[in-house]
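Spelled out, the chains give:
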Amino acid sequence: MNVIIDKNSGYCFGVEFAIQMAEDELAQEQTLYCLGDIVHNRMEVERLHALGLRIIDREQLEDIHDAKVLIRAHGEPPATYELALRNNLELIDASCPVVLKLQNRVKHAFDAANRQQGQIVIYGQPGHAEVAGLTGQTRNQAIIVMTEADLDQVDFARPVTLFSQTTKSTAGFYHMKAVIEDRIRAAGGSLDAFDANDSICRQVSNREPALAVFARQHDVIVFVSGRKSSNGKALFSVVNRTNPRSYFVENEQELDEDWFRGAESVGICGATSTPMWLMQRVKARIEEVGEGVVSA
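Residues numbered from 1 in each chain as written. Predicted model: local features only at pLDDT ≥ 70, side-chain atom pairs only at ≥ 80, totals over all residues. Heavy atoms only, no water.

Broken down by element type, the protein chain carries 11 helices and 12 strands. In summary, the protein chain has a C-alpha radius of gyration of 21 Å against a globular reference of 19 Å for 296 residues, a match within 12%. Projected onto its principal axes, the C-alpha positions of the protein chain cover 70 × 55 × 25 Å. Within the protein chain, the fraction of its 296 residues that count as buried is 54%. Counting contacts in the protein chain only where the partners sit at least 6 residues apart, residues at least 24 apart contribute 70% of the total. Split by element, the accessible area of the protein chain, about 13800 Å² in all, is 48% carbon and sulfur. (Helix = DSSP H or I, 4+ residues; strand = E, 2+ residues; numbered from the N terminus. Rg over C-alpha atoms; globule rule 2.2 N^0.38 Å. Buried < 20%, exposed > 50% of the residue type's maximum accessible area, 1.4 Å probe, protein only. Contact = heavy atoms within 4.5 Å. Areas by Shrake-Rupley, 256 points an atom, 1.4 Å probe, with all protein chains shown as cover.)

With the rule as written, the count across this model stands at 6 aromatic pairs. Ring geometry for Phe173 versus Tyr174: centroids 5.1 Å apart, planes at 85°, classification edge-to-face. The interplanar angle of 5° and the centroid separation of 4.2 Å between the aromatic rings of Tyr247 and Trp259 together place this pair among those described as stacked. Taken together, the residues span a long stretch of sequence, with Tyr247 in strand 11 (residues 246-249) and Trp259 in the loop between strand 11 and strand 12 (265-270) at a distance of 12 residues. The partly exposed category is assigned to Tyr247, whose relative accessible area is 22%. Chaining the aromatic ring pairs together yields one cluster made of Phe223, Phe236 and Phe248. Its end group placed over the ring of Tyr123, Lys168 keeps NZ or CZ at 5.6 Å from the ring centre. (Phe/Tyr/Trp six-rings, centres within 6.5 Å; stacked < 30°, edge-to-face > 60°. Lys NZ or Arg CZ within 6 Å of the ring centre and 35° of its normal.)

Here we come to the layout of surface pockets. Empty space within the largest pocket amounts to approximately 190 Å³. Surrounding the largest pocket, 13 residues form its lining, His40, Arg72, Gly127, His128 and Ala129 being those nearest its centre. (1 Å grid on protein atoms, 1.4 Å probe; cavity = no way out; pocket = protein on both sides within 12 Å on 5 of 7 lines; lining within 4 Å. Points joined across faces, edges and corners; volume = space filled by probe spheres on them.)

The strand order across the open sheet formed by 4 strands is 3-2-4-5, and the pairing between neighbours is parallel. Edge positions in the open sheet fall to strand 3 (53-56) and strand 5 (90-93), since each of these has one partner strand only. If you compare each strand with its neighbour and ignore which way they point, the axes differ by 35° on average. In this sheet, strand 4 (residues 68-71) lies alongside strand 2 (residues 32-35) in parallel orientation, the contact comprising 2 bridges. From the neighbouring strand, Tyr33 faces strand 4, where its bridge partner is Val69. (Pairing = 2+ DSSP bridges. Axes fitted to C-alpha atoms, helices over the stretch in contact; angles between N-to-C directions.)

With their axes 10 Å apart at the nearest point, helix 1 (residues 13-26) and helix 2 (residues 42-51) run at an angle of 20° to one another. Classified by the angle their axes make, helix 1 and helix 2 are roughly parallel. As for the relative orientation of helix 1 and helix 2, their crossing is left-handed in sense. In this structure, helix 1 contributes Ile19, Glu23 and Leu26 to the contact, and helix 2 contributes Glu44, Arg47, Leu48 and Leu51. (Parallel < 35°, antiparallel > 145°, perpendicular 65-115°, else oblique. Left-handed = near helix turned anticlockwise from the far one by under 90°.)

Attention now goes to the sheet that holds strand 7 (residues 143-145). Ordered in space as 7-6-8-9, the 4 strands form an open sheet in which the pairing is parallel. Where the open sheet ends on each side, the last strands, each with one partner, are strand 7 and strand 9 (194-196). In this sheet, adjacent strand axes meet at a mean angle of 20° when their direction is disregarded. Sheet contacts for helix 5 (residues 97-115): strand 6 (119-123) and strand 8 (160-164); angle to strand 8, the most-contacted strand, approximately 170°.

Our next topic: the environment of Tyr81. Of note, Tyr81 is situated in helix 4 (residues 78-86). A relative accessible area of 28% places Tyr81 in the partly exposed class. Considering only alpha carbons, one finds Tyr81 and Ala178, 97 residues apart in sequence, at a separation of 36 Å. Among residues more than four places away in sequence, those in contact with Tyr81 are Ile71, Glu76, Leu91, Asp93 and Ser95. Side-chain polar atoms of Tyr81 contact the side chain of Asp93, separated by 2.8 Å. (Polar contact = N/O pair within 3.5 Å; in protein donor to acceptor, adjacent residues only side chain to side chain.)

Ranked by size, the top nonpolar core spans 20 residues in total, and within it Val15, Ile19, Leu32, Ile38, Val39, Leu53 and Leu70 carry the most contacts. Looking at this core, the elements with two or more residues in it are helix 1 and strand 2. Considering every element that reaches this core, the biggest residue donor is helix 1, with 6 residues. With residues near it in sequence (within four places) discarded, Val39 still touches Tyr11, Val15, Ile19, Glu44, Val45 and Ser273. (Core = buried A, V, L, I, M, F, W, Y, C linked by side-chain atoms within 4.5 Å.)

Among all positions of helix 4, only Thr80, Leu83 and Ala84 are buried. One side of helix 4 holds all its buried residues, which, seen down the axis, span an arc of 105°. Residues of helix 4 that are exposed and angled more than 90 degrees away from the buried face: Leu85 and Arg86. For helix 4, the secondary structure elements touched by its buried residues are strand 2, helix 3 (58-61), strand 4 and strand 5. At the exit of helix 4 stands Asn88, carrying a positive phi of roughly 55°. (Arc of directions from axis to C-beta.)

Have a look at this one:
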């Protein structure tokens, strides 16, 4: 059985940059705090915990003073930086440049929308760290939408500016854009007052067609990702639509021998938050399982 890891899978540059910054700091410090999971992958979080990285939430941040805190690639709202000043915290800012640029665009759009009684709508996952950072640029006034039902919060007779969380599905964003246009027409509004911004990271969106091709090349696909990864869910849906024999796992312990019966080729791929070392461990385990399937 031939087992291949997708060469285009693994960390995006933003996540890779954040991991490297954490490792560099931990080489000098016994403990480094990180606001939220540094990456939505439990295995990587556990590896860095062993090196001294301690994950904290916003409530715990309130009680920390005179320490170093890592800001992960997802970015943070202005309130976090204000708290850091009050608590004398040194921020190790690993915010992804793509996310920082989007935060700036959202802030400028919010200021302009206020002058026109407009609304900022963000296509994203409520509660997601990146979305919290984006809504913070709007004084938490942005409307977050994931489904068509969420659009009931929007007044379509007023101007609408739409953005997307950087890791959402491109197809999902353009579907939402089309639905908004339909609702504006139904409300008697003008499409001239609708500004749709495709702010999906191209390093993420470009993986979708490449993964579809990869999924067609193999009998079985094993997709490796943390279950909290928004990007992982989006990319797995692409793989699963293309190849029904696709399976989502968090690590090698979740593999099932029955998945590989009759398979000559197995492809391994993952999210932008999936480390290469983890996909290699999954590959090694599949090769062991494959020997058992063949000899059975």
